[in-house]
Amino acid sequence: IQRSLRAVRHHPVVEQIALAAAGRGCLPVYLVGGFLRDALLRRPGALDIDLVCADPPLLGAALAQRFAGTIVHLAERLWRVIFAHRQERGQVDIGPLRGGRILEDLRHRDFTVNALAISLEDDPPRLMDPTGGLRDLKAARIRVTTPEVLTEDPLRLLRSIRLAAQLGFRIE
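Read on for a plain summary of the structure. Since the structure is predicted, the reported quantities are computational estimates derived from the model, not experimental observations. (Residues numbered from 1 in each chain as written. Predicted model: local features only at pLDDT ≥ 70, side-chain atom pairs only at ≥ 80, totals over all residues. Heavy atoms only, no water.)

### So, the overall build of the protein
From N to C terminus, the protein includes eight helices and eight strands. By the compact-globule yardstick of 16 Å for 172 residues, the protein fits well, its C-alpha radius of gyration being 15 Å. The principal-axis extent of the C-alpha atoms belonging to the protein is close to 40 × 35 × 30 Å. The 172 residues of the protein split such that 48% are buried. (Helix = DSSP H or I, 4+ residues; strand = E, 2+ residues; numbered from the N terminus. Rg over C-alpha atoms; globule rule 2.2 N^0.38 Å. Buried < 20%, exposed > 50% of the residue type's maximum accessible area, 1.4 Å probe, protein only.)

Take a look at the structure:
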């Protein structure tokens, strides 16, 4: 696990994100979601990174400048930076910390396997896993963080099917 976490933390794009965040005073910034999940599974994935921080627009502007990319305001508090890195198209989605703290944010995510995080300040990185996502990765299981996440967004049911098919996991 630690090898996979180090590989994610020292990925060239993640390194640039950490430098840009530090340079603009945006820390702490947390890498969450599928990019981290896929690294822990040792599955090569797309350059599709999810971040949470206290000031998404400020971090988005810093990343758009750093990567000579385009920033898009997706929703009320969600920003996306689209860029190219070594001939590969990439995107970084940046959202706010729900509940004001990373562990609270992770508890409000959809599935436990996506409720994992590392801080871009930590080196070596330390995995944050308040919902048992690592255990579910090892068990090849898709499980909601709380039953309420399905009533909050019923489309998560469809997402669970897509994720299970993509990863070869079973849905609890």
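Picking up after the structure, the text goes on.
### Considering the sheet that holds strand 2 (residues 48-53)
Pairing is mixed in the open sheet, where six strands are placed in the order 3-4-5-2-1-6. The outermost strands of the open sheet, each flanked by one partner alone, are strand 3 (70-75) and strand 6 (117-119). Mean inter-strand twist for the sheet, computed between neighbouring axes without regard to direction, equals 30 degrees. By the bridge criterion, five bridges tie strand 3 to strand 4 (residues 78-85) in an arrangement that is antiparallel. (Pairing = 2+ DSSP bridges. Axes fitted to C-alpha atoms, helices over the stretch in contact; angles between N-to-C directions.)

### Quick word on helix 8 (residues 155-167)
When the terminal C-alpha atoms of helix 8 are compared, their 18 Å separation across 13 residues agrees well with the 18 Å that a helix rising 1.5 Å per residue should span. The complete set of buried residues in helix 8 reads Arg156, Ser160, Leu163, Ala164 and Leu167. Looking straight down helix 8, one finds that the buried residues subtend no more than 100 degrees of arc, so they occupy a single side. Facing away from the buried surface of helix 8 by more than 90 degrees, the exposed residues are Leu155, Leu158, Ile161 and Ala165. Buried positions along helix 8 lie against helix 3 (34-40), strand 7 (141-142), helix 7 (148-152) and strand 8 (170-171). With its phi angle positive at about 75 degrees, Gly168 sits one or two positions after the end of helix 8. (Expected span 1.5 Å × (residues − 1). Arc of directions from axis to C-beta. Contact = heavy atoms within 4.5 Å.)

### Concerning the pairing of strand 1 (residues 29-32)
By the alternation rule, side chains of strand 1 split into Val29 and Leu31 and Tyr30 and Val32, which are all buried. Summarising the sheet, strand 1 and strand 2 pair through four bridges and their orientation is antiparallel. By the bridge assignment, Val29 is partnered in strand 2 with Cys53. As judged from the three bridges shared by strand 1 and strand 6, these two strands associate in the antiparallel manner.

### Notes on unusual backbone geometry
Cis geometry marks the peptide bond from Leu27 to Pro28, where omega comes out at 5 degrees. Tracing the backbone shows Pro28 in the loop between helix 2 (12-23) and strand 1. A cis amide bond links Asp123 to the next residue, Pro124, at an omega of 15 degrees. Among the secondary structure elements, Pro124 is positioned in the loop between strand 6 and helix 6 (133-138).

### Some points on the nonpolar core
In terms of nonpolar packing, the biggest core is built from 41 residues, with Ile17, Leu31, Leu36, Ile49, Leu51, Leu59 and Leu63 touching the most fellow members. Ranked by residue count, the leading element in this core is helix 2, at six residues. If near-sequence neighbours (up to four positions away) are discounted, Leu63 is found in contact with Ile17, Ala20, Leu51, Val81, Val92 and Ile94. Ranked by size, the runner-up nonpolar core spans nine residues in total, among them Val32, Ala115, Ala117 and Met128. (Core = buried A, V, L, I, M, F, W, Y, C linked by side-chain atoms within 4.5 Å.)

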